[in-house]
Structure formats: structure tokens, C-alpha cells
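The primary structure of each chain is shown beneath.
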Amino acid sequence: MLSRSWRHLCRRYSQAATFRTAELSPAQHNEKQEGLFYTLNPDLCKQLFGHGGLPKSFKQQTKTFTETAIMVRQPALDLINCIRSSDMSQPAIRYVLYGEKGTGKSITMAHLLHYAHEEGFLIVHVPWVSEWLRRLPRHKEMVNSPTREGFVDLPIDAAAWLIHFKSQNQTLLKSNDLKISKEYVWSKREKTEEGSPLSALVEHGITRVKYACDVIDALIDEIKILSNNKQCKTFVAIDGFNSFFYPLTRLNTPTKRKVTPEEVSLTTTFLKLTTNDWTNGAIVVSADQLAVPDANQESHFPRYLLYKKGFEHLDPFVPIKVGRYSDKEFLSCAEYYRDRLWLRGPPEMETELKFTSACNPYRFMEQCAPL
Amino acid sequence: MSLFIRNYKLNSLAAGYNAKLWRLNSTTADSALKKNDEDEEEFRVLDILKKKDRIQRRIIRRTDMQPDRADRMAPNQNWGNVWPGPKTFHPSSVPLPLRQGYVPKGQAPPGKKANAELMKIPNFLHLTPPVIKSQCEAIKQYCTEWPSLLNSEEAIEKHYPVEIITSDYCHASPSIRNPLARIVTLRIKLSSLNLDKHSKDKFIRLVGDRYDKETDLVTITADRCPARAQNLDYVNYLLTACYHEAWNIEEWEKDKTEDDMEYYDWNNNASKKSLVNWHLRTKNELRTLTDEEYKSFDISVIEGGEEYKNAVSSLMNDGESDATLKKYGEAVRKVLGLPEKKVM
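Residues numbered from 1 in each chain as written. Chains lettered and ligands numbered in written order. Predicted model: local features only at pLDDT ≥ 70, side-chain atom pairs only at ≥ 80, totals over all residues. Heavy atoms only, no water.

A.B. asks: Describe the overall build of chain B, naming the residues involved and giving the relevant values.
C.D. replies: Along the backbone of chain B there are 15 helices and 4 strands. Taking all 344 residues of chain B together, 26% fall into the buried category. Put simply, of all contacts in chain B between residues at least 6 apart along the chain, 50% involve residues at least 24 apart. Approximately 26800 Å² of chain B is accessible, and the part contributed by carbon and sulfur atoms is 54%. (Helix = DSSP H or I, 4+ residues; strand = E, 2+ residues; numbered from the N terminus. Buried < 20%, exposed > 50% of the residue type's maximum accessible area, 1.4 Å probe, protein only. Contact = heavy atoms within 4.5 Å. Areas by Shrake-Rupley, 256 points an atom, 1.4 Å probe, with all protein chains shown as cover.)

A.B. asks: Tell me about the sheet that holds strand S1 (residues 163-165) of chain B, residues and numbers included.
C.D. replies: Residue and element names in this part refer to chain B. Taking strand neighbours across the sheet as the criterion, the 4 strands line up as S1-S2-S4-S3 in an open arrangement whose pairing is antiparallel. A strand with exactly one partner marks an edge of an open sheet, and here the two such strands are S1 and strand S3 (211-212). Two elements, S3 and strand S4 (residues 217-222), share 2 bridges in a ladder whose sense is antiparallel. Note that in S4 the partner of Asp-212 across the bridge is Leu-217. Along the sheet, helix H11 (residues 228-247) makes contact with S1, strand S2 (184-189) and S4, crossing S2 at roughly 30°. (Pairing = 2+ DSSP bridges. Axes fitted to C-alpha atoms, helices over the stretch in contact; angles between N-to-C directions.)

A.B. asks: Just give me the short version of the pairing of strand S3 (residues 93-98) of chain A, but keep the residues and values in it.
C.D. replies: Residues and elements named next belong to chain A. Summarising burial for S3: 6 of the 6 residues are buried, a large majority. A two-sided burial pattern is seen for S3, the buried positions comprising Ile-93, Tyr-95 and Leu-97 on one face and Arg-94, Val-96 and Tyr-98 on the other. By the bridge criterion, 5 bridges tie S3 to strand S10 (residues 281-286) in an arrangement that is parallel. Bridge pairing in S10 links Ile-93 to Ala-282. In this sheet, strand S11 (residues 317-321) lies alongside S3 in parallel orientation, the contact comprising 5 bridges.

A.B. asks: Talk me through the interface of chain B and chain A; I want residue IDs and the actual numbers.
C.D. replies: Accessible area lost on assembly of the parts is the figure often given for the size of an interface. On the side of chain A, 30 residues touch chain B, which itself brings 25 residues to the contact. Summed over both sides, the interface of chain B with chain A buries roughly 2600 Å², with 59% coming from carbon and sulfur. For the interface between chain B and chain A, the tally reads 2 salt bridges. With a shortest N-O distance of 3.2 Å, Asp322(B) and Lys321(A) are connected by a salt bridge. Between chain B and chain A we count 10 residue pairs in polar contact (both at pLDDT 80 or more) in total. Looking at the side of chain B that touches chain A element by element, the count peaks at 7 residues for helix H15 (residues 322-336) of chain B. (Buried area = accessible area lost by both parts, 1.4 Å probe. Salt bridge = Lys/Arg side-chain N within 4 Å of Asp/Glu carboxyl O. Polar contact = N/O pair within 3.5 Å; in protein donor to acceptor, adjacent residues only side chain to side chain.)

A.B. asks: Break down the domain arrangement of chain B for me, citing the residues and quoting the values.
C.D. replies: All names here are of chain B. Each assigned domain of chain B is listed with its residue range as follows: domain 1 (2-40), domain 2 (153-255) and domain 3 (258-336). Put simply, the middle of domain 2 and the middle of domain 3, counted by C-alpha atoms, are 40 Å apart. The partner domain 3 presents 4 residues to the 4 residues of domain 2 that form the contact. Together, the buried faces of domain 2 and domain 3 total about 260 Å²; carbon and sulfur atoms form 29% of this surface. A per-residue breakdown of the area domain 2 buries against domain 3 is headed by Lys-197, Asp-201 and Arg-205, which together make up 91% of the total. Residue Arg-205 is joined to Glu-262 by a salt bridge in which the shortest nitrogen-to-oxygen separation is 3.3 Å. Remark: the boundary between domain 2 and domain 3 carries 2 residue pairs in polar contact (both at pLDDT 80 or more). For the side of domain 2 that touches domain 3, the class distribution of residues is no nonpolar, no polar and 4 charged. (Domains from an automatic or database assignment. Nonpolar A, V, L, I, M, F, W, Y, C, P; charged D, E, K, R; others polar.)

A.B. asks: Explain the environment of Asp153(A) to me, and be specific about the residues and the numbers.
C.D. replies: Residues and elements named next belong to chain A. Tracing the sequence through the fold places Asp-153 in strand S6 (residues 152-153). Residues Asp-153 and Tyr-211 lie 58 residues apart in sequence; the distance between their C-alpha atoms is 9.1 Å. The contacts of Asp-153, once residues within four sequence positions are left out, are Glu-141, Met-142, Val-143, Ser-145, Pro-146, Cys-213 and Ser-265. One polar contact links Asp-153 to Ser-265, side chain to side chain, over a distance of 2.5 Å.

Below, the structure written as C-alpha cells:
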């Protein structure tokens, strides 16, 4: 019994293995660490991804493995390299992550968010756009916008996002350096003064859920102004961005009319953020097949998923392909799974799994589950 | 008994007389009495079913039937005369030891006589190679020589660009007509038509899915008329009408917008606008331009602009693939001044 628990303990802390890197800061990652896993600090993980950001299956896996380990992969390194070498005084550059289902677009984005956090970016992160437009839980609340004619507000979703924003940018918001540029009047008695900190605006949105969508709109405007004034640098990450351009959402108005994405006030807000009319920022969006219904998943390429409108909105963007595992990455991952006892059995199994999973990271993980 | 005693007393009477007396009692007993005269020792058998009478004698009829025709055929006969046309199998006409039919394993299939299986299947006994040869020889006198200049597929295609496809059907049923024979298909290479840029585009739009981009073939099929000749006229009419309509330029064709374009022209599209806007923004001289100014903006001032233009055009025109997208990514990186992707 003792020897068994000792063995387990050894496994849990097998940090000296060949598939791990001791380099825990994404800013320091380079080609040497490619294909190796690094572990996220649990507190930081909670701060960054506590309110979404990691896919559900990956989250389950982190629970099983009792750690959040992310593989350093080429697309993330490429993107970090691009962000580092881009001129921040130039208009913000749009990067589009694309790739087949389950190849790790969201994990790459998580890696980049960690990088942005390390580098002191103000993070504007939408974990999954379809959560707003395509998922219909029972408590989904939808009201006609009081301020903008013909628009639809999603106040609860907006407030939840503000909490996410607040949690991700705790340190930056606490310092109160970021001030808002103009006065916002919400109602007769409620207003946010000019020069009050950004956190006040966020707090208002969280406490007064009714105004959450308008608060986000104001917040985005303020962030753009602050970035332009070089008071902060901003990192925008939107997962499942192509949902904004799919012709229909699953939302219905009380009169049973279908709502298009353009009629949702959050859409206009985030489309405003992803234009390149502001500087001192980087915009990473992902085009994901899973964000649209099955009938429209014919191809994983961005032009198809974003439609003409989305392509023209983002153009010129840098396409970043997130592909399947390379040989090196696959072996490293298999070793990691063996270390976590997720994969057991004879070593020949890896060749077979490589074939059956076609080096698709998600499928590999799934196929290892019963082994 | 009293009578017997009386007879007995009259001793002089003969036995025959005695018999006469018995007849008074039973007639059948009389015949039995006769038999008894011959073999009185045997028992008589009561034949209830009368088996002996029912047995029929097998009649062996001697006939003067001729041997089978198939057996009498000469091996050097002209088979074409024996079996001149398509007909159902007949065992006596075919001098072949044919067997056909399903039997349990180990047994031989039934022979050709009275074999329905052989009669069910169609046969080609009328189309033996010598028969075909002789028939071809016979119709050769009606044929003309193949034109010597049409010696290759290309030459045929050049001089006879229109291809008409019809089907003939052969029947052994009372009617020789088949409704499918009326269908006429016309095929022509689009490049063999005399069309310019506009009319070619219009022609393709008019024929719709009848044009195959990969083989460059236009296929028009007509089956709406009852006779083949009518359908043939109709496909010819359709081709002529589409051709001349393609050359017409209607008033409303001037309203063609960017969405109606058959190909992606980068200069007229939003992609150029966004590139120009980005360029002006980097130079801090953003101003609102009219559509005409956007179109005529010289992209050679933007570094890598030309390459970007080609990349977007190929992405839109050739469709998305890893290759076109990679080219696009490289072009964008060059324009935005980003480092190139490292190949590992």
C-alpha cells in the first residue's frame, strides 16, 4: 500500500520527464520547448479560465490529471513571435486561428491568453461566442434594447462576461490607472463620472444587470481610446468568432421572430472591437466548425466559415493553421498520457493509436480514455 | 328334408334329376355345383375387389417415329439457315448436348429436351460469328468510304463539333417501339462556339448546370416531344437560341453588381478598400475616399500590395485550400511586416 502511494506520488511529481518543460512562462517559450508540456499555476488558471475559456473536455481532463498542462505548439509560438515583432503603434493586426475540429484552437488561445497575461496586456476574452447566440438554456434572458432601437440585449450573459473580464484583469483594474474619458448617464439617478476608473464601469454593469450590454459597449469604446492613448495594450481573444456571421441565431423574440446576429447588441460591440481602427493591440479570433450547425461544417477554412461578410470584416488578417500533431508532438503527448496513467499497455499501442486517431489531439485523448 | 327322403325312396331317379331339384333353392349354387364336378377338393375364394379383372394389360404400341432432327443434322450444314433469327430455344433444332437447371449436388443438370430453363433465357444462336460476317459482307455495298481527312479524334471534333447521342432499342416483343428511343442528347464543346467574354459568361448562366466546367462540355437533353426527329429539332433550336441570346446585351445587364460577378476582381472589392484604409491609417492620413478613388488607388505604393492582390484573387477564384491560404498568409505577413512562419 505504501509502495503504491509512493509510486503515485512519484508519478504526480515527475517533473524531470522528457515531455515536460520547466519553463512556465509563455513569454520565454521558443522552438526548444516545442511539443513539450508546461503546467499552469492553479491560481492563475482559476483567474484566467475560471469563468470559461477552456473547452469542457479539456477541463475534465485537467481535473483527472490534477494539473493544467498545455503543450507548447507551433501555432502559439508563431503567434507570440508575430505579436512580439509587430509594431504596436500600427493598427491592430487580426489573427485568425483555423483548423479541423479538435486540433486545439481553443487550447492555443488559452496559451496565448497566458502569454498576454504575463506580458501585462489588458485581456478582452470571449470564451465561446455560440454561448451567447446559439445556446439556449432555460434561464436565457433576452430583452429589447432600451437604448438602441431594433436591437436585442442579453443582459445576464453580458453581466457574466463582465465578471469574466473583471476576473481576468484583476491586477490591471485594481491599480485604477485606467480612467474613462467621458461621462455615461445610465438613468436619472445613475451615471458614471468622467475620470472614474474602468473598474467602476465594470462594477456598474455587474450590479445593474439591466445595463450590462450598454456597459460592455461603453467599456469597449473606452478600451479602444485607452489603447490608442498608449495607456494600456490590449489583447483581444474571441473563440468561435464565425458565429457572429452565421445568418441566424437560435434566439427568438417574444413574437417568435428569428433573431439575426446583427440584431444582438453584443455582436455590434465586438465587431467594433475587431476592426483595425485602433492601435496598441492584438486581435486573435478563431474560426471553428463547432460554432455553427452541422449542416454548415463542410470545410474548416476561414473564408467558408466566416462567410464573405466576415472575411471582408477581418481582411487583411493573418491565418494561423492549427494542425494535427506532428510525430514529435504525438510521442510527447503519448508519454504524457502514460505518465498520467491515461494510457497504459504495450508500447506498440502508440503506433496503432497514431493511425486510428490520425494524430488528431482530441480523438487521441478520447481513444486513450478506455485504455 | 321330407322331399329328400321322398326322392331317396324313389331310387330309380338319376342324379340329374336330383340337381334339378336343388335349383329350386339357389341359382348360384347351381354353377358351383358344376365346378365341383371337376375339382371338388379346392376351396372357393371370395374375390370381393375383383382384382383379377382390373389388371390391364400394358399395350406396347410399336411406332415408326423418325430419329431426332438434331441427330440427323450434317456437321457441315449452314447454321445461319437452321437458325436465321432470334427465337426461343428449341431442342430439336440445336445439335448441342446442352444441359441446364438446378439439381442437388452430385447430379447432372437436366438435358435440353422439355427443359423450360433453356427456353426462359434469351439466346444468341442467330448471331454466330460467321453469320455476322456474312451479314456485314452483304451490307457493305451500301456503305461509303470513310473521309480520309477525318483521320483523328481532333479532326472529327473540329469539323463536327456537335455530337448527337440517341439510343436504339431491340425488342422481341409484339411492339418494336421503345419510348426511350425518342430522347436526344446534344453535346458540344463550349470552346468550339464563337463567344466573347460577355457572351460566354451569359451563355454559361443561361445553360446553367448543363455546362460542365471540367470537360468544357455543354450537354442539352430533350425528351419532351414524342418523336426523335422532333426532339432533335428542339435541341438544335435550344442551342441556337442560347447562342444568339448570349450575344444580346440587355438594358438591365448594366445593373450587375459585385455579387453577380462570375469571377473575383480584387480592384472592385472590399478587400482593396480595407487594404487602402489600412495603408492610409499607417501613414496617419486617413480620409474618406469615393468608390472611384478606391478603384483607381495605385497599390504599388504599398509594399507587397501586388502580391497581396494576387493572393486574395486566387483565394477567391480558385477556392480555399491549404495552398491558397498559405499564399494569402505569406502575402499578408509581408504587407503587415510580420516575420515569416518558421518551418519546423
